[in-house]
Amino acid sequence: MEELFNLTYKDEVEILKDEDDFEALGDEKYLNHPDMEARLYWAFCRPNGSCEAQIKDIDPLVSIMAFNHSKLNALKRFTLLHKEVIENSSLRVKIKNRTRMLFRSLVDDDFKELNKVLDIVPVFLEVAVDQLKNGRKWNDIFADEIEATIFMQKAEEFIDDSFKEALFFKLKDLRELDQEELKEHLEEIIEKKEKIHTLILKHYKNEVDKWIEKSNLHLLQKMTIKKLAEKLI
């Protein structure tokens, strides 16, 4: 900010900070200010994060600043982001760090919003793949198998062993299921298997085989589970 604009409006905004309704006054004064520098600085220092109107700003630099300082969710931010930022690599680099953080969060979820965002900004597919493979490995929320399949179809050219390992980590961990839970999960997967990638189905089949091998169930009970697993492929 200081290098680009020498904080032209800093003193003016500082005076407003003493007012109880600082944010409302700032919005009234700067959201539609004719000077781009004013809108840019307000996007930088708006107390509760930048708002939708700021990300939608007609100037790509204001949109970038607002995108980076917003508290809105990823889907909303990418929906509002200036098209020039999406299309211009020299502008995209200015949201690189924030984009990486947002895709990290999207990968941590069930992949539904991830796919919606990638429909809007497919140019960030490699960022999504990188965060899947190299981001922190959490699976508090399991990936939906159909949504994971959609993501795999988008990222087909990037599927390698490390991709598969990371994606499978996001699926339900069968080791933690008891017999009835496993049967219920398998039945659910079988019912929708036509919409699920074969790599996911094969993964579940292999995991069931491991589950059976370590189980103390009676042979007939194991056979019941095994027959269900065979329906996956």
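Keep in mind that what you see is a predicted model, and the values were worked out from it rather than measured.

(A) Structural view of the overall build of the chain. When its secondary structure is counted, the chain shows 17 helices and zero strands. By the compact-globule yardstick of 17 Å for 233 residues, the chain is too spread out, its C-alpha radius of gyration being 24 Å. Projected onto its principal axes, the C-alpha positions of the chain cover 80 × 40 × 25 Å. Counting all 233 residues of the chain, 45% fall into the buried class. Contacts in the chain between residues at least 24 apart in sequence constitute 62% of all its contacts with a sequence separation of at least 6. Carbon and sulfur atoms make up 48% of the accessible area of the chain, which totals about 13300 Å². Positive and negative side-chain charges in the chain, numbering 38 and 49 respectively, have mean positions lying 6 Å apart.

(B) The arrangement of unusual backbone geometry in detail. Non-glycine residue Phe-111 carries a positive phi angle of around 85 degrees. Inspection of the secondary structure puts Phe-111 in the loop between helix 10 (96-108) and helix 11 (112-120). The class of Phe-111 is buried, set by a relative accessible area of 1%.

(C) Examining the environment of Glu-37 more closely. With respect to the helices and strands, the residue Glu-37 is situated in helix 4 (residues 36-45). The spatial distance from the C-alpha of Glu-37 to the C-alpha of Ala-148 is 42 Å, given a sequence separation of 111 residues.

(D) Up close: the environment of Ala-66. Structurally, the position occupied by Ala-66 is in helix 6 (residues 60-69). Ala-66 sits 24 residues away from Trp-42 along the chain, and the two C-alpha atoms are 8.8 Å apart. Every residue in contact with Ala-66, bar those within four places of it in the chain, is listed here: Ala-43, Ser-50, Gln-54 and Ile-55.

(E) Examining the state of the cysteines more closely. Under the counting rule described, the total for this entry stands at zero disulfides. Its sulfur unpaired, Cys-45 is 12 Å from the next cysteine sulfur, which belongs to Cys-51. By relative accessible area, which is 17% here, Cys-51 ends up buried.

(F) How the structure looks around the layout of surface pockets. In this structure, the largest pocket spans a volume of roughly 240 Å³. Along the walls of the largest pocket sit 13 residues, with Phe-168, Asp-173, Arg-175, His-203 and Glu-207 positioned nearest its centre. Where the lining of the largest pocket is concerned, the elements lending two or more residues are helix 14 (161-169) and helix 16 (198-214). Ranked by the residues each element gives to the lining of the largest pocket, the list is headed by helix 16, at four residues. A class-by-class count of the residues in the lining of the largest pocket yields four nonpolar, two polar and seven charged.

(G) Structural view of the packing of aromatic side chains. All told, the structure shown has ten aromatic pairs when counted by the stated rule. For the ring pair Tyr-41 and Phe-44, a centre distance of 6.0 Å and an interplane angle of 35 degrees mean the geometry is tilted. Residue Tyr-41 and its partner Phe-44 are located together in helix 4, separated by three residues, close to a single helical turn. Ring centres 5.5 Å apart and planes at 80 degrees place the aromatic pair Phe-111 and Phe-151 in the edge-to-face group.

(H) Inspection of the pattern of salt bridges at higher detail. Evaluated as defined, the whole model comprises 14 salt bridges. Lys-17 is paired through a salt bridge with Glu-14; the nearest N and O atoms lie 2.9 Å apart. What makes Lys-17 partly exposed here is its relative accessible area of 39%. When its relative accessible area of 34% is taken as the criterion, Glu-14 is described as partly exposed. In this structure, Arg-175 engages Asp-173 in a salt bridge whose closest nitrogen and oxygen atoms are separated by 3.0 Å.

(I) Representation of the nonpolar core. Formed by 49 residues in total, the largest nonpolar core has its most connected members in Phe-78, Phe-103, Phe-111, Leu-114, Phe-151 and Leu-167. At six residues, helix 16 tops the list of elements feeding residues into this core. Those residues in contact with Leu-114 that lie beyond four places of it in its chain are Phe-103, Leu-106, Val-107, Ala-128 and Phe-151. Core analysis: the second largest hydrophobic core is formed by eleven residues, Tyr-9, Val-13, Leu-16 and Trp-42 among them.

Conventions we followed
Residues numbered from 1 in each chain as written. Predicted model: local features only at pLDDT ≥ 70, side-chain atom pairs only at ≥ 80, totals over all residues. Heavy atoms only, no water. Helix = DSSP H or I, 4+ residues; strand = E, 2+ residues; numbered from the N terminus. Rg over C-alpha atoms; globule rule 2.2 N^0.38 Å. Buried < 20%, exposed > 50% of the residue type's maximum accessible area, 1.4 Å probe, protein only. Contact = heavy atoms within 4.5 Å. Areas by Shrake-Rupley, 256 points an atom, 1.4 Å probe, with all protein chains shown as cover. Lys, Arg positive; Asp, Glu negative; His and termini not counted. Charge placed at Lys NZ, Arg CZ, Asp CG, Glu CD. Disulfide = S-S within 2.5 Å. 1 Å grid on protein atoms, 1.4 Å probe; cavity = no way out; pocket = protein on both sides within 12 Å on 5 of 7 lines; lining within 4 Å. Points joined across faces, edges and corners; volume = space filled by probe spheres on them. Nonpolar A, V, L, I, M, F, W, Y, C, P; charged D, E, K, R; others polar. Phe/Tyr/Trp six-rings, centres within 6.5 Å; stacked < 30°, edge-to-face > 60°. Salt bridge = Lys/Arg side-chain N within 4 Å of Asp/Glu carboxyl O. Core = buried A, V, L, I, M, F, W, Y, C linked by side-chain atoms within 4.5 Å.

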